[in-house]
Structure formats: C-alpha cells, structure tokens
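Overview (structure and organization)
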Amino acid sequence: MTSRSAEALSLITGRLAALPLRSRSLRTTLARDLSFAEARAAGERAVRQDEDDPQVEPEYRTRLLTHPGRTGRAVLMLHGYAGSPHSFAHLAGHFHERGYNVYAPREPHHGLRPGSRPLSAAGLVRYADEALDVVAGLGDEVGVIGFSGGGALATWLSAYRPASVRRLLLLAPFFRPHPTQAPRWAVPALTLLFGLGVLPDRPVPGTGYTLHGVAQYLRVMANQPPGRLNPGLLGVGVAYSALDGFIDPAAALAVCERVAAASGVEPQIHRFPPDAGLIHDVVAPEVLLGNRAEVADLYLNLYEA
C-alpha cells in the first residue's frame, strides 16, 4: 500500500469511527462520596466476593490494604487486560508500608478459571469509576497507578474525575498498539470493527488477548478528547521498557507530557533499557524477581515526583 493510499484509508476510517466510538456512557461518571467506613466496607465486600466465588483464582483476587483510619494518601492500582491484582502484589505492600491505603480491584471477567473475558468499554469505565469512589474515601490525597490497559483507565479517571485524582503513574500504558502490531492509520478501523462487533472476534497470537478485548481499551481512549485534562494534578509519571512490542511508546510519552503540561508539572519519565530484560510487564513480582524492591522505590519516586 502506498503512503497516499494509507493516508486516504486513514481519513476514511477516522471519519467512519468518529461517530459510533463517541459514546455518552463513556464520558460520564457516577461519583459517590463515601466515608472512610463506607469505603473500607465496599473494598472488603469486593474482597469477600472474590473469596466466595469459586471461579476466581485465589492469587487473582481483589486486594485491599488499609490502616485503621483515613490516611493522608490513598492510591488506586488498576491492572491490565488479561491480568489481575496479583500484578501489584509487591507494589501494593510497598506503598502500604509507607502509610498509604491501597486498593487494587479485580477487573470484571478477569481471574476466572475458564479464562473468559467478555469485556465492554462501558463496563471498564464503570469499574474504574466505582473503584475510585472507594479510594477517595480512604485518603485525603488520591492517585491512580495504571498498568497497560489500566493506564488507559487511569487517564480516563484523571480527565473525568479531576476533583478526585491528584497523582497519576502510568506503567507501560496501552494507548495504542505498537506500530509493528497495527500501524497508526489502522487503529480507528480496528477499534470500530472489533470494538463494536462488526467483525467476529479473533485472538492476538501469543498474548492471551483478543482483538475485541484490545479494542475496548481503544474505545476508552477514543472517548478522552485532548482538551479534557486535569489541571490539578501534582504529579504525572510514566515507565516503560525499550523492548516493549505491545504498546506505542510515542503515544505513552505524548499523553504523559500533555497531561503534565496541562497541570504545570514536570513529567517523570523512566525508560527501562534493553539490558533490564523487561518486555511489556514492568510490575509483576515474578517478572522483577530480585529487583522488586528497587523498582518499587523507583515507582514510588515517580509517583510522588
């Protein structure tokens, strides 16, 4: 395909995707003000539901780490597509030891024994919105850490819940596929055709993902207009690996820098070099191995700027 043909197709698919991908349900929140007792009870309910559900793998359950009362800082940790709160097993404890109340909820349809993940963009933003209600009741200053697809949800919360979100840390955030996976001009068509079920779902080889699932996160991103930013952020950071072939690093940096510029803060950026041996996952304890404590300190510093 020539560059002119690609540009023409990009223009067509972009216009085609603009209308159906804009959804009011993906641009509204149902924020609730919860007391500390109500927030902790809601988090504990989610933990018990996972414990009582035989379909939820034990290591994939929701995690809630709280102190006896409301703390000065609380953080929401959102895992990625096909992942679970287990990704934050070490990082959650690291933040909790330093005085934070921490909530890492299991995303709907994840961590189940059969492995089925019938995602929807509306379900994803509702899950993130409700999770932020819990964390907002657990601490005075609230932030969000999002890994991979959780990074898309974290930026959505920052844009649509600016009164609640004060800090943002994006770990290998999935805003667009890596250009080797899908060229930029093809992303609107992928989002439209697979995100809305125009084409039948199909797996992404070697990942555990499906195109329908990937497209749901892209639909979330399509409903974050560039002009809607959070001027009240105190810190914005991003970390990713040079070897990551799943995310578009240019998009990760561009979003981080744009969000930071709107709030007048310096973006905190860390790029793991190739010799770090990390691919896409830059947070799970079994991936970091002996470097867990060092990387957790790094993330804490990026988060607190």
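Scroll up to find the structure.
Position labels on residues start from 1 in each chain and follow its written sequence. The predicted origin of the model limits local features to residues at a pLDDT of at least 70 and limits the giving and counting of side-chain atom pairs to 80 or more, whereas totals for whole chains, interfaces and linings rest on all residues. Water and hydrogen atoms play no part in the side-chain values, which are based on all heavy atoms of the structure.

1. Concerning the overall build of the protein chain
Our working rule: Strands are runs of DSSP state E lasting at least 2 residues, helices are runs of H or I lasting at least 4, and numbering of each runs from the N terminus. Throughout, the radius of gyration refers to the C-alpha atoms, and the reference size of a globule is 2.2 Å times the residue count to the power 0.38. Exposed residues in this analysis have more than 50% of their type's maximum accessible area, buried residues have under 20%, and partly exposed residues fall in between, with area computed by a 1.4 Å probe over protein chains only. Only heavy atoms matter for contacts: two residues are in contact if any of them lie within 4.5 Å across the pair.
From N to C terminus, the protein chain includes 10 helices and nine strands. Radius of gyration (C-alpha) of the protein chain: 18 Å, near the 19 Å computed for a compact globule of 305 residues. Taken along the three principal axes of its C-alpha coordinates, the protein chain extends 60 × 40 × 35 Å. Residues counted as buried form 51% of the 305 residues belonging to the protein chain. For the protein chain, the proportion of contacts with a sequence separation of at least 24, taken over those separated by at least 6, is 80%.

2. Quick look at the pattern of salt bridges
Put simply, the test is: Salt bridges are defined as contacts in which a side-chain nitrogen from Lys or Arg sits within 4 Å of a carboxyl oxygen from Asp or Glu.
By the definition in use, this model includes 10 salt bridges. Between Glu97 and Arg98 there is a salt bridge, with its nearest N and O atoms 3.5 Å apart. The exposure class of Arg98 is partly exposed, given its relative accessible area of 40%. The network of salt bridges with shared partners includes Arg32, Asp129, Asp133 and Arg161.

3. Considerations on a nonpolar patch on the surface
Worth spelling out the cut-off: Surface patches are defined over residues having more than 30% relative accessible area and no salt bridge, joining like charges when they lie within 9 Å and nonpolar side chains (Val, Leu, Ile, Met, Phe, Trp, Tyr) when within 5 Å. Using the Shrake-Rupley algorithm and a 1.4 Å probe, accessible areas are obtained, with residue cover drawn only from the displayed protein chains.
Residues Leu196, Val198 and Leu199 make up a contiguous nonpolar surface patch of about 230 Å² in total accessible area. Within the element layout of this structure, Val198 appears in the loop between helix H6 (187-195) and strand E6 (203-204).

4. Some points on the side chain of Gln216
Stated precisely, the cut-off is as follows: Pairing of N or O atoms within 3.5 Å defines a polar contact, subject to two protein rules: one partner must be a possible hydrogen donor and the other a possible acceptor, and residues neighboring in sequence count only if both atoms are side-chain atoms.
Note on placement: Gln216 falls in helix H7 (residues 211-222). Using a relative accessible area of 1% as the deciding quantity, one classes Gln216 as buried. At a separation of 3.0 Å, a polar atom in the side chain of Gln216 contacts the main-chain amide nitrogen of Ala121. A distance of 3.0 Å separates the side chain of Gln216 from the backbone oxygen of Gly195, its partner in a polar contact. Those residues in contact with Gln216 that lie beyond four places of it in its chain are Leu119, Ser120, Ala121, Leu124, Phe194 and Gly195.

5. Notes on unusual backbone geometry
If you check the backbone angles, His109 has positive phi at about 70° while not being a glycine. Along the polypeptide, His109 turns up in the loop between strand E3 (101-104) and helix H4 (121-138). On the basis of relative accessibility, which here comes to 36%, the residue His109 falls in the partly exposed class. One non-glycine residue, Ala305, lies in the positive phi region at around 55°. Positionally, Ala305 belongs in the segment after helix H10 (292-304). Look at Ala305 and you get exposed, because its relative accessible area is 54%.

Shape descriptors only; they carry no functional weight alone.
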